[in-house]
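Listed below are the residues making up each chain.
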Amino acid sequence: EFWRKGDPGSTCSATCNAVGRTCDPIMQTSLNSEVEVLAAFSSAGYVCKSYGGTRDYAGAPFSTGRTSDDCFGFTPTSSRESSCDSNLVAVHTPLCRCVQEFWRKGDPGSTCSATCNAVGRTCDPIMQTSLNSEVEVLAAFSSAGYVCKSYGGTRDYAGAPFSTGRTSDDCFGFTPTSSRESSCDSNLVAVHTPLCRCVQEFWRKGD
């Protein structure tokens, strides 16, 4: 995983796909502070001339190349998500987080296949099935950009691991003693938001 600076007007999908990776909008959305923005651009091989603040339109985070307002992060109070597939300003160079695989939280009632396919990835049921402990569950949701209100335990029905959004029993992992496997194509409870492991497509040997 790494930060990569795109060409002026380019998208993060194009920037990451060019090096065999996928854009991670969650990490891009979380780039909110001056310290984080300057460090991320530096790791991408670019020294910012200045910090301009944050924006939430397509293409952010980005660099303008100007002296007085060069590098921008993503607005932390925005309800939007950093875009992988659009760039509003043709002269802005986007800063992109390029990854191979990641955790992604789906919409309520959605499946992990749909959640991962939307960002050019495939659901990995093996990794989802292995998410069994409180520490692992909270960390995985956190990496997907969600802070769990509480840990509810584990379940083995379709849609697990998931978040209920409730205060007392929010985030659930997958039951470690179950003979089942986490489902990519089904979600039993319409209000549950699945936590999905999204990876590049792979070969798997069946029984």
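A. Up close: the overall build of the chain. Regarding its fold elements, the chain presents six helices and twelve strands. The buried share of the chain, reckoned over its 207 residues, is 47%. Relative to all contacts within the chain whose residues are 6 or more apart in sequence, the contacts with residues 24 or more apart total 63%. In the structure as shown, the chain presents an accessible area of about 10,100 Å², 51% of it carried by carbon and sulfur atoms. Measuring between centres, the 18 positive side-chain charges of the chain sit 2 Å from its 22 negative side-chain charges.

B. Quick peek at helix 3 (residues 34-43). Those residues of helix 3 lying buried are Val37, Ala40 and Phe41. The buried residues of helix 3 occupy one face: seen down the axis, they fall within an arc of 95 degrees. Relative to its buried face, helix 3 has exposed residues pointing more than 90 degrees away, namely Val35 and Ser43. In the core, the buried residues of helix 3 are packed alongside strand 1 (2-5), strand 3 (51-55), strand 4 (62-63), strand 5 (71-74) and strand 6 (93-99). Count one or two residues on from helix 3 and you reach Gly45, which has phi positive near 90 degrees.

C. Molecular detail of the side chain of Thr164. Looking at the secondary structure, you find Thr164 in the loop between strand 10 (162-163) and strand 11 (171-174). The buried category is assigned to Thr164, whose relative accessible area is 14%. A distance of 3.0 Å separates a polar side-chain atom of Thr164 from the backbone nitrogen of Arg166. In contact with Thr164, not counting residues within four places along its chain, are Asp169, Asp170, Phe172 and His192.

D. Region of interest: the state of the cysteines. Within the structure shown, the criterion is met by eight disulfides. At a sulfur-sulfur separation of 1.9 Å, the disulfide partner of Cys23 is Cys84. Judged by the torsion about the S-S bond (-75 degrees), the Cys23/Cys84 disulfide is left-handed. Residue Cys23 is found in strand 2 (residues 22-23), and its partner Cys84 is found in the loop between strand 5 and strand 6; the two are separated by 61 residues along the sequence. The class for Cys23 is buried, based on a relative accessible area of 3%.

E. Main features of the nonpolar core. Membership of the largest hydrophobic core is limited to eleven residues, which are Ile26, Trp103, Leu131, Val137, Ala140, Phe141, Ala144, Tyr146, Cys148, Cys171 and Leu195. At three residues, the largest contribution of residues to this core is made by helix 6 (residues 134-143).

F. A look at the packing of aromatic side chains. Applying the stated criterion to the full structure yields six aromatic pairs. For the ring pair Phe62 and Phe72, a centre distance of 4.9 Å and an interplane angle of 20 degrees mean the geometry is stacked. One end of the pair, Phe62, is in strand 4; the other, Phe72, is in strand 5, with ten residues separating them in the sequence. Of the two residues, Phe62 and Phe72, neither departs from the other in class, the shared state being buried. Feature note: the residues Tyr57, Phe62 and Phe72 constitute an aromatic cluster, connected by ring pairs. One cation-aromatic arrangement involves Lys5 over Tyr46; the distance from NZ or CZ to the ring centre is 4.4 Å.

G. Summary view of the environment of Arg155. Tracing the backbone shows Arg155 in strand 9 (residues 151-155). Between the C-alpha atom of Arg155 and that of Thr175, which follows or precedes it by 20 residues, the distance is 5.0 Å.

The rules behind the values
Throughout this description, residue numbers start from 1 for each chain and increase along the sequence as written. Since the coordinates come from a predicted model, pLDDT governs what is reported: local features require at least 70, and pairs of side-chain atoms require 80 or more to be given and counted, while whole-chain, interface and lining totals use all residues. In computing side-chain properties, one takes all heavy atoms of the structure into account and sets aside hydrogens as well as water. Helix numbers and strand numbers start at the N terminus; a helix is a DSSP run of H or I with at least 4 residues, a strand a run of E with at least 2. Summary of the burial criterion: residues with accessible area below 20% of their type's maximum are buried, those above 50% are exposed, and those between are partly exposed, where the area comes from a 1.4 Å probe applied to protein chains only. In this analysis, two residues are considered to be in contact whenever any of their non-hydrogen atoms come within 4.5 Å of each other. Methods summary: accessible areas were calculated by the Shrake-Rupley approach with a probe of 1.4 Å, and residue burial reflects only the protein chains presented. None of His or the chain ends enter the tally, which takes Lys and Arg as positive and Asp and Glu as negative. A charged residue contributes its charge at one atom only: NZ of Lys, CZ of Arg, CG of Asp or CD of Glu. The arc under discussion is defined with respect to the helix axis, by the directions toward the C-beta atoms. Definition of a polar contact: a pair of N or O atoms within 3.5 Å, with one able to donate and the other able to accept a hydrogen when the atoms are protein atoms, and with sequence-neighbouring residues admitted only if both atoms are side-chain atoms. The disulfide criterion used throughout: a pair of cysteine sulfur atoms within 2.5 Å. Among the buried residues, those of types Ala, Val, Leu, Ile, Met, Phe, Trp, Tyr and Cys that are joined through side-chain atoms within 4.5 Å form a nonpolar core. Aromatic pairs are defined between Phe, Tyr and Trp rings, using the six-membered ring for Trp, whenever the two ring centres lie within 6.5 Å; interplanar angles under 30 degrees are classed as stacked, those over 60 as edge-to-face, and all others as tilted. Two conditions define a charge sitting above a ring: the NZ of Lys or the CZ of Arg must be within 6 Å of the ring centre, and it must be within 35 degrees of the ring normal.

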